[in-house]
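Tertiary structure, described
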2 protein chains.
Amino acid sequence: MVERVGLGFAKKAASLSTKKGRDETGLFLVEGDKIVRDMPEDWPVAYYLASVSYADATDLSFFEKRATVHVMEDELFKRASDTLTPQGIAAVCEAKRPSAKDAFSPGCLALMCEGLSDPGNIGTLIRTADAAGCACVVLTEGSADVYNPKIVRATAGSIFRLKVVTGANGLEMARQMKREGVRLAAASPRGKSYPYSLDFKSAICVLVGNEARGLSKELEELADFKVKLPMSGTLESLNAAMAGGILLYEAVRQRLT
Amino acid sequence: MVERVGLGFAKKAASLSTKKGRDETGLFLVEGDKIVRDMPEDWPVAYYLASVSYADATDLSFFEKRATVHVMEDELFKRASDTLTPQGIAAVCEAKRPSAKDAFSPGCLALMCEGLSDPGNIGTLIRTADAAGCACVVLTEGSADVYNPKIVRATAGSIFRLKVVTGANGLEMARQMKREGVRLAAASPRGKSYPYSLDFKSAICVLVGNEARGLSKELEELADFKVKLPMSGTLESLNAAMAGGILLYEAVRQRLT
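Before going further, it helps to spend a moment on the packing of aromatic side chains. Applying the stated criterion to the full structure yields 18 aromatic pairs over all chains. For the pair Phe9(B) and Tyr47(B), a centre-to-centre distance of 5.5 Å together with 80° between the ring planes defines the contact as edge-to-face. Linking Phe9(B) in helix H1 (residues 7-15) with Tyr47(B) in strand E3 (residues 45-51), this pair joins segments that are 38 residues apart in sequence. The burial state of Phe9(B) is the same as that of Tyr47(B); both residues are buried. Every member of this aromatic cluster is reached through a ring pair, and the members are Phe28(A), Trp43(A), Tyr147(A) and Phe160(A). The positively charged end of Arg37(B) is found above the aromatic ring belonging to Phe62(B), 5.4 Å away from the centroid.

With that out of the way, let us pick up the interface of chain B and chain A. For an interface, size is often stated in terms of accessible area lost upon the parts coming together. Taken together, the contacts link 30 residues of chain B with 30 residues of chain A. Note on chain B versus chain A: buried area summed over both sides is about 2,600 Å², and carbon and sulfur give 65% of it. Among the residues of chain B in contact with chain A, Arg127(B), Met242(B) and Tyr249(B) are the three that bury the most area, contributing 23% of the side total. Glu236(B) is the partner of Lys34(A) in a salt bridge, and the nearest nitrogen-oxygen pair spans 3.5 Å. For the interface between chain B and chain A, the tally reads 11 residue pairs in polar contact (both at pLDDT 80 or more). Only helix H7 (119-131) and helix H11 (240-256) of chain B provide two or more residues apiece to the side of chain B that touches chain A. Of the residues forming the side of chain B that touches chain A, the biggest block, 9 residues, is contributed by H11(B).

Each copy of the sequence occupies a distinct position, and chain B is placed on chain A by a rotation of 180° and an axial shift of 0.0 Å, giving an RMSD of 0.0 Å. Taken together, the rotation angle and the small translation identify this as a two-fold axis. Taking the C-alpha atom as reference, chain B places Ile246(B) closest to the rotation axis, 2.6 Å from it. Most of the interface of chain B is mirrored in chain A: 100% of its interface residues are interface residues there too.

Residues and elements named next belong to chain A. Here Gln-87 lies in the loop between helix H6 (74-80) and strand E5 (89-94). A relative accessible area of 51% places Gln-87 in the exposed class. For the pair Gln-87 and Tyr-54, spaced 33 residues apart in sequence, the C-alpha to C-alpha distance is 7.6 Å. Polar contacts involving the side chain of Gln-87 include one to the main-chain amide nitrogen of Asp-33, which spans 2.8 Å.

What follows is about the domain arrangement of chain A. Residues and elements named next belong to chain A. The domains assigned to chain A are domain 1 (2-94) and domain 2 (109-256). The centre of domain 1, based on its C-alpha atoms, is set 31 Å off from the matching centre of domain 2. Domain 1 puts 13 residues into the contact, and the matching count from domain 2 is 11 residues. A combined buried area of about 1,100 Å² lies between domain 1 and domain 2, and 70% of that area is made up of carbon and sulfur atoms. Taken as a group, Phe-28, Ile-35 and Asp-82 account for 38% of the area that domain 1 buries against domain 2, more than any other trio of residues on that side. The interface formed by domain 1 and domain 2 contains 3 salt bridges. Here Arg-153 makes a salt bridge to Asp-82, at a shortest N to O gap of 3.3 Å. For the side of domain 1 that touches domain 2, the leading source of residues is strand E2 (residues 27-31), giving 4 residues.

Through backbone hydrogen bonds, the strands of a sheet pair up, either in parallel or in antiparallel fashion. Residues and elements named next belong to chain B. A sheet is described by the order of its strands in space; here 5 strands give the open sequence E1-E4-E3-E5-E2, paired in mixed fashion. Each edge of the open sheet is held by one strand with a lone partner, namely strand E1 (2-4) and strand E2 (27-31). With strand direction ignored, the average angle separating the axes of adjacent strands in the sheet is 25°. The sheet contact formed by E3 and strand E4 (residues 69-72) spans 4 bridges and is parallel. Paired with Tyr-48 across the two strands is Val-69, which belongs to E4.

On average, chain A scores 94 in pLDDT, and the residues at 70 or more come to 100%. Scored by ipTM, the complex comes to 0.92, with pTM at 0.93.

Before going further, it helps to spend a moment on the pairing of strand E10 (residues 204-208) of chain A. All names here are of chain A. Here E10 lies mainly inside the structure; 5 of its 5 residues are buried. Residues Ile-204, Val-206 and Val-208 of E10 are buried on one face, and the alternating residues Cys-205 and Leu-207, pointing to the opposite face, are buried as well. The pairing of strand E6 (residues 109-113) with E10 spans 5 bridges and is parallel. Counted as the bridge partner of Met-112 is Leu-207 from E10.

What follows deals with the pattern of salt bridges. Enumeration over the complete set of coordinates arrives at 35 salt bridges over all chains. Between Lys150(B) and Asp82(B) there is a salt bridge; the shortest N-O distance is 3.8 Å. Residue Lys150(B) is found in helix H8 (residues 149-154), and its partner Asp82(B) is found in the loop between helix H6 (74-80) and strand E5 (89-94); the two are separated by 68 residues along the sequence. Here Asp130(B) makes a salt bridge to Arg161(B), at a shortest N to O gap of 2.9 Å. Of the two residues, Asp130(B) sits in helix H7 while Arg161(B) sits in the loop between H8 and strand E8 (163-168), which places them 31 residues apart along the sequence. When its relative accessible area of 38% is taken as the criterion, Arg161(B) is described as partly exposed. Linked through salt bridges whose partners overlap, the residues forming this network are Lys19(A), Arg22(A), Asp23(A), Arg97(A) and Asp145(A).

The next point concerns the nonpolar core. Of all hydrophobic cores here, the largest spans 130 residues; its most connected members are Leu111(A), Tyr249(A), Leu111(B) and Tyr249(B). Among all residues touching Leu111(B), those that are not within four sequence positions of it are Leu125(B), Ala129(B), Cys134(B), Cys136(B), Val137(B), Val138(B), Cys205(B), Val206(B), Val208(B) and Leu248(B).

On to the environment of Lys163(B), then. All names here are of chain B. The residue Lys-163 is located in strand E8 in this model. A relative accessible area of 26% places Lys-163 in the partly exposed class. C-alpha separation for the pair Lys-163 and Ile-126, spaced 37 residues apart in sequence, amounts to 9.6 Å. For Lys-163, the residues in contact, after removing those within four places along its chain, are Pro-98, Ser-99, Lys-101, Asp-102, Ala-103, Ala-135, Cys-136 and Val-137. Within the structure, Lys-163 has its side chain in polar contact with the backbone oxygen of Lys-101 (distance 2.9 Å).

Each value, and the rule that gives it
Per chain, residues are indexed from 1 in the order of the written sequence. Each chain takes a letter, starting from A, and each ligand takes a number, starting from 1, following the order in which they are written. In keeping with the predicted nature of the model, local features appear solely for residues at pLDDT of at least 70, side-chain atom pairs appear and are counted solely at 80 or more, and the whole-chain, interface and lining totals rest on all residues. Hydrogens are left out, water is left out, and the side-chain values use all remaining heavy atoms of the structure. Pairing of aromatic side chains requires ring centres within 6.5 Å, counting the rings of Phe and Tyr and the six-membered ring of Trp. Pairs whose planes differ by under 30 degrees are stacked, by over 60 edge-to-face, and all others tilted. Helix and strand definitions follow DSSP, with helices as H or I runs of at least four residues and strands as E runs of at least two, each counted in order from the N terminus. With a 1.4 Å probe rolled over the protein chains alone, any residue whose accessible area is under 20% of its type maximum counts as buried; one over 50% counts as exposed, and the rest are partly exposed. Either the NZ atom of lysine or the CZ atom of arginine qualifies as a charge over a ring when it sits within 6 Å of the ring centre and within 35 degrees of the ring normal. Throughout, a residue-residue contact means that at least one pair of heavy atoms, one from each residue, lies within 4.5 Å. Buried area: the accessible area, evaluated with a 1.4 Å probe, that two parts lose upon being put together, summed over both parts. When a carboxyl oxygen of Asp or Glu lies within 4 Å of a side-chain nitrogen of Lys or Arg, that pair is called a salt bridge. Pairing of N or O atoms within 3.5 Å defines a polar contact, subject to two protein rules: one partner must be a possible hydrogen donor and the other a possible acceptor, and residues neighboring in sequence count only if both atoms are side-chain atoms. Our superposition of the copies is a least-squares fit, built on the C-alpha atoms of residues whose pLDDT is at least 70 in both. Where each domain starts and ends follows an automatic or database-derived domain assignment. Pairing between strands requires that DSSP locate at least two bridges from one strand to the other. Note on geometry: axes are C-alpha line fits, over the in-contact stretch for helices, and angles between N-to-C directions span 0 to 180 degrees. For every residue, the predictor reports its confidence as pLDDT, a number between 0 and 100. Take the buried residues of types Ala, Val, Leu, Ile, Met, Phe, Trp, Tyr and Cys, join any two whose side-chain atoms come within 4.5 Å, and each joined set is a nonpolar core.

Shown next, in the form of structure tokens:
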């Protein structure tokens, strides 16, 4: 079904760009033609939003089969959107908050981000973790919310495929993983070893800390090993997402060869 | 020397966040306490800008030794700044535009970005290339400008250490590299090989394309090999900067072991 709507819907959608708005409704906004079309069929869509221009230029039957398409003036869509140049299509979806139960399995690869704050970094890491075949990504309570629209976009759809545990207590989660036989590899410039000499083939979780502060001392001490990447010259560190991604792919390399 | 200045200086600084403003003056803006203090001593600083709050709270002698510190009202500094929450200190520096001459050496590692557009991606890649010990980074003419303030920040200071060749013609540069014995490794989802079975020890340049379009067909055809990363499930690609960084670190790994 296609329905014309007004300001009220635009305001509701705009409120989903805040954590408060998402928590109150249990919904989040996914923007852009490709990511919206590529969503898995079993992810609950409350409704779609489309701009008049998009609706005029597009066969909407793909969307109508799944949920009502609410069409609004381009100006209103811009207000609903989190982007500067909106594509004119968005899905309002149910936010899933999976628990850590059954997240880890023998031999699994996982990623935990402690207090990571940059949405681009988090989104890119989720996408990379998905590509690397991670069983799950854990975001501790101090991290940005996974349904932040910038994160959703940066995951390029991986948010729909990968189990992302949010709001976790980092230390509790680390202890749980250790009990389940998952070793913890802390990415740290204070690390003693390069990843190339460590075993990333058995169950392992890569720990990545905040962009400025790194990992907390407590979590770093719980880790089975601290790992650093070789660094030329006077450089102190890599971007947090980059360091995490390189470590995940070192695990991919070891598991292939 | 410390001098109080007004709106004129704020406007001049703000104009440096545009390519036009930088091209007309040959200057660019570097913001933030850490990056400004850590600049190499031989990089030409035209002058510093500080907010009144920053100047009141800080011993400015470190800056005064090197160039005049222009102090302006906090509100004006905000106008000069490219960030939402400015730290109150910036350096206006001379932009260097090194040529590709002597950029490559036997056994060197290099990176070329063709038409990469996201400032965060470019900055992160320059930082990663610096960490990986690259001899230089080449940005082709379609890429965002290296002195874009968002790129400068994302490099975390690597922009001052690494040779970054800008505005290059990608195909000409690729041919020059091949003549100088540098092999070209195109990052491409159409690649046939994983990097782990390829030789990254001899002189090599990693080619990374645009976020949406990837590498141009012409450049991909000039490459000595197309390389892809293992990818789980239905995922098509990694973030461009992440893919480039993982390939650069595969070269680091091979060169260490």
